[in-house]
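Working through the structure, step by step
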Amino acid sequence: MMENLSLFMFPVMILVVFAGFPVVFSLMGISLYFGIVSFGPEIIPMIIRRVYGVADNYVLAAVPLFIFMGTMLERSGIAKILFETISMWTGRIRNGLAVTTILMCTIIAACTGIIGAAEVMVGVMAIPPMMKRGYNHALIAGTVIAGGALGTIIPPSVVTVVYGPAAGISVGRLLIATIFPGLLLSSVYVLYILVRSYGQRGFAPPISSEDLDIPLSRKLKATVTGMLPSVVLIFTVMGTIILGFAAPTEAAALGAFGSVLLTIGYGNFTMKVLQEAALQTLKISSMMMMILLGGFMFSGVFLGLGGSDATERMLSALHMGPWAVLVFFLFVAYLAGFLLDWASILLIFVPIFSPIIDKLGFDPIWFGALFIMMIQTSYLTPPMAPGIFYLKGIAPPEMTTKEIFRGIVPYMLLQLVAVVVVALFPQIALWLPEKLIGWN
Amino acid sequence: MMASYVKLIDDLSGWTGKWVAWVIIPNVLALVYEVIARYILNSPTIWSYEVTYFLYGSHFLLGAAYVLSVDAHIRIDIFTSHFSARTRAVIDLVGYLILFFPVVIALVYAGGQYVMQSFEMGEKSGLSPWRPYLYPYKAVITISFILLLLQGIACFIRNITLLARGERP
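Residues numbered from 1 in each chain as written. Chains lettered and ligands numbered in written order. Predicted model: local features only at pLDDT ≥ 70, side-chain atom pairs only at ≥ 80, totals over all residues. Heavy atoms only, no water.

When helices and strands are tallied, chain A shows 21 helices and zero strands. At 22 Å, chain A has a C-alpha radius of gyration in line with the 22 Å of a compact globule built from 440 residues. A buried classification covers 61% of the 440 residues belonging to chain A. In the structure as shown, chain A presents an accessible area of about 15900 Å², 71% of it carried by carbon and sulfur atoms. Separation of charge centres in chain A, based on 22 positive and 19 negative side chains, amounts to 10 Å. (Helix = DSSP H or I, 4+ residues; strand = E, 2+ residues; numbered from the N terminus. Rg over C-alpha atoms; globule rule 2.2 N^0.38 Å. Buried < 20%, exposed > 50% of the residue type's maximum accessible area, 1.4 Å probe, protein only. Areas by Shrake-Rupley, 256 points an atom, 1.4 Å probe, with all protein chains shown as cover. Lys, Arg positive; Asp, Glu negative; His and termini not counted. Charge placed at Lys NZ, Arg CZ, Asp CG, Glu CD.)

What follows deals with the overall build of chain B. Check the secondary structure of chain B and you find five helices and zero strands. Of the regular secondary structure in chain B, the N- to C-terminal order runs α-α-α-α-α. Taking 15 Å as the expected radius of gyration for a compact globule of 169 residues, we find that chain B reaches 20 Å, considerably beyond that expectation. Seen along its three principal axes, the alpha-carbon backbone of chain B occupies a region of about 65 × 35 × 30 Å. A total of 169 residues make up chain B; the buried ones form 50% of that total. If you take every contact in chain B between residues at least 6 apart in sequence, the share linking residues at least 24 apart comes to 72%. The average position of the 12 basic charges and that of the 10 acidic charges among the side chains of chain B differ by 3 Å. (Contact = heavy atoms within 4.5 Å.)

To continue, consider the side chain of Thr311(A). Examined against the element boundaries, Thr311(A) turns out to sit in helix α15 (residues 307-317). In this view, Thr311(A) contacts Leu7(A), Phe302(A), Ile352(A) and Ile356(A); residues no more than four positions away in its chain are not counted.

Moving on: the pattern of salt bridges. A complete count under the given rule lists 11 salt bridges over all chains for this structure. Note that Asp71(B) is salt-bridged to Arg75(B), the shortest N-O span being 3.1 Å. Under the relative-accessibility criterion, Asp71(B) is labelled partly exposed at 46%. Because the salt bridges share partners, they merge into one network encompassing Arg75(A), Lys272(A) and Glu276(A). (Salt bridge = Lys/Arg side-chain N within 4 Å of Asp/Glu carboxyl O.)

Moving on, we get to the environment of Gly361(A). Positionally, Gly361(A) belongs in the loop between α17 (342-359) and α18 (364-376). As a C-alpha pair, Gly361(A) and Pro322(A) span 39 residues in sequence and 8.5 Å in three-dimensional space.

It is worth spelling out the packing of helix α8 (residues 137-149) of chain A against helix α19 (residues 386-394) of chain A at this point. Residue and element names in this part refer to chain A. It is at 9 Å that the axes of α8 and α19 come closest, and there the two elements cross at 120°. By the angle class used here, α8 and α19 are oblique. Of the two elements, α8 crosses α19, and the hand of that crossing is right-handed. Across the interface between the two elements, Ala141, Val144 and Ile145 from α8 touch Gly387, Ile388 and Leu391 from α19. Each residue belonging to the contact of α8 with α19 can be placed in one class, and the counts come to five nonpolar, one polar and no charged. (Axes fitted to C-alpha atoms, helices over the stretch in contact; angles between N-to-C directions. Parallel < 35°, antiparallel > 145°, perpendicular 65-115°, else oblique. Left-handed = near helix turned anticlockwise from the far one by under 90°. Nonpolar A, V, L, I, M, F, W, Y, C, P; charged D, E, K, R; others polar.)

Next up on the list: helix α21 (residues 427-437) of chain A. All names here are of chain A. Looking at α21, one finds that the buried residues are Ala429, Leu430, Leu432, Pro433 and Glu434. Buried residues belonging to α21 abut α10 (171-177), α11 (179-199), α18 and α20 (401-424). Just beyond α21, the residue with positive phi is Gly438, at close to 95°.

Let us now look at the environment of Asp11(B). Residues and elements named next belong to chain B. Locating Asp11 in the fold gives a position in helix α1 (residues 2-20). Given the relative accessible area of 41%, Asp11 is considered partly exposed. The spatial distance from the C-alpha of Asp11 to the C-alpha of Ala154 is 11 Å, given a sequence separation of 143 residues. Polar contacts involving the side chain of Asp11 include one to the side chain of Lys7, which spans 2.7 Å. (Polar contact = N/O pair within 3.5 Å; in protein donor to acceptor, adjacent residues only side chain to side chain.)

Take a look at the structure:
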């Protein structure tokens, strides 16, 4: 009886959330009612203990630090220098600036933990020159949005930091496991842009002569000085984690500190900049962590009601084999991505899915990588697509909504392709952590 | 009078937000110091672990009221954004009454009890050799929910005034 009650939590949650009341309080309120009906007033101390469980979690403390690193980097001026450096090399290629966009987004995603930071930073730099050179509008829109979304999977990523505690697995290991899937995605994007430039009418032409005149020695020197700060930042965060030198939380703090130093170094640091970055950090982290609280309460009550068994019974009644269950879970995450933000998807579904995935004998780290790749699509699937909102904030008025939607489609498909590849070849995710940390 | 309450609480939340935002700086510095102390000075601190989550938890929890005051908690408004402002105000009022107030009041109440209990027991953290008292942190958590409740009441009143007068105060 109680178990069946647990399955009602989802339709109720969907109805309430779509009424437009803040997701956090919807999740908390529903947890309270279902909890009271099943456990009586005992639920009240239980939910405040869920709050303590989030509030004394050392690993989750990395989230605001990564966010601060991102808000600081946005103001550091690093994007401009990266853009100048990379476009020096890609100028001769067809659709070269679109390639630049993906490469820049990859580097910025590897420096910061937040999604969308790269989109605005890179978009502001790359959209005007692409428009000027007559790039296909849909290509511009799709590339900038998909590039921004790369921050979800490319480590460090707050999504991964939150996924670890939600699934009960090591964040450090998962961060390392997502390196190759992340690089796979950005390579697939670059490949697509290059291939497309040959099949497409009105492809974007290479830059003509001006940059071919730069002598190679000067080009190399500019590249070293331009890339050095990013390389150092990437090492400070992921390098220290990989070497076991620092915990992810410490690595996040080192990265945040580095991003402040970089801003000072580029001469863009003022107290006002610091204050703006700090206030934006508070806004994003509080919003995100509160959803986390609501999600943990929701899944706590759901699991307390025996929801995990109920889900399993439902799945076995449908005669689903292990792989069918896995595909079904990923598909749920994909569908949810059209309407929900990543944090809600992750915090509602992962605590429920991961015990079942464990029981079926799948590797939890590998499933984590697949799941994170899957919710990356939530960033670009309308109608709830942060990627589109950000783009509209920076796109020129000539770019229509229809072009934006059309631009997203190929990248959505490419993401699915990459998920299938990692699903068929688990070693893409699992080889590096096994090599570096050893077996689970 | 209601309007002055709303103004007072909005100011309070804005002020807390502005100050709490700075907590991220000691959070970064404490961790950087810990890494330096461990590898360069060869003497890791005993407080880094606890101080880190004290600062992180205080940061996002005390910030929640500020985020509510600027209406930045995520809403899925794809269906409701086409509704009139009045309809949305009605939805919000119902949401506050049925969802927000019961759960936030429960959190304030249960949290308050835990603070008293923690204080009377002299509860200490068992997560590190430093073993700090836990009641101050638990008090901060409860204060966060009190601030959130006050801001919720302010938002509730704002919606009522909107319905009554057809405009925002």
